[in-house]
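Summary of structural features
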Amino acid sequence: LPPEDADIIVDNTATGSTLKANGLHIVDTILTSSTRMFASKAAMADEGKRAEIEKLVMLLESVKAARERKMVTFNLLKGHDIDSVIEKLPCARMPTVSELYHGGGYAVQVAVH
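First, a word on scope: everything that follows refers to the structure included in this document.

So, on to the sheet that holds strand β1 (residues 70-77). Ordered by their spatial adjacency, 3 strands build an open sheet running β1-β3-β2, and the pairing between neighbours is antiparallel. Two strands in the sheet have a free side with no partner beyond their single neighbour: β1 and β2 (96-99). Adjacent strand axes in the sheet meet at a mean angle of 15°, parallel and antiparallel pairs treated alike. Pairing analysis gives 8 bridges linking β1 to strand β3 (residues 105-112), with the strands arranged antiparallel. Its bridge partner lying in β3, Leu77 is registered against Gly105.

Once that is clear, we can look at unusual backbone geometry. Here His102, not a glycine, exhibits a phi torsion of approximately 65°, which is positive. With respect to the secondary-structure elements, His102 resides in the loop between β2 and β3. Judged by relative accessible area, His102 falls into the exposed class, the value being 71%.

Next up on the list: the nonpolar core. If you look at the biggest cluster of nonpolar residues, it comprises 5 residues: Leu76, Ile82, Ile86, Leu89 and Val108. Setting aside chain neighbours within four positions, we find Ile86 in contact with Pro95 and Val97.

Moving on, we get to the pattern of salt bridges. Evaluated as defined, the whole model comprises 2 salt bridges. Across the salt bridge formed by Glu52 and Lys55, the nearest N and O atoms sit 3.2 Å from each other. Taken as a pair, Glu52 and Lys55 lie in helix α3 (residues 47-66) at a separation of 3 residues, close to a single helical turn.

With 20 residues, α3 extends 28 Å between its outermost C-alpha atoms, agreeing within 8% with the 28 Å of an ideal straight helix rising 1.5 Å per residue. For α3, the N-terminal capping position is held by Asp46, with its side-chain oxygen 2.9 Å away from the main-chain nitrogen of Gly48.

Rules and cut-offs
Residues numbered from 1 in each chain as written. Predicted model: local features only at pLDDT ≥ 70, side-chain atom pairs only at ≥ 80, totals over all residues. Heavy atoms only, no water. Pairing = 2+ DSSP bridges. Helix = DSSP H or I, 4+ residues; strand = E, 2+ residues; numbered from the N terminus. Axes fitted to C-alpha atoms, helices over the stretch in contact; angles between N-to-C directions. Buried < 20%, exposed > 50% of the residue type's maximum accessible area, 1.4 Å probe, protein only. Core = buried A, V, L, I, M, F, W, Y, C linked by side-chain atoms within 4.5 Å. Contact = heavy atoms within 4.5 Å. Salt bridge = Lys/Arg side-chain N within 4 Å of Asp/Glu carboxyl O. Expected span 1.5 Å × (residues − 1). Polar contact = N/O pair within 3.5 Å; in protein donor to acceptor, adjacent residues only side chain to side chain.

Geometry only, nothing functional implied.
In structure tokens, the structure reads:
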């Protein structure tokens, strides 16, 4: 909770859930911010450091891209034409398909927008 002698609090918040949990509410947005990653010219000139920086960038971009998708998982029982079902799936790449126990069909996973 805020100090009892405070009339106002300025807080850097992402969702405001902590404020709400403490009985507070957002009155106004003063400014919005974003997260940035910077690398020095010296670090980018060093092949080893550059490779590690590029791995981190790829990891962060992958997480960001994954947040824009939903994972859909379903079982397709034996007797259904799996090829015709897969052709209709709204995915950019091939889905993950695993055979169910005792050959009872397939488990299918696909990331969709």
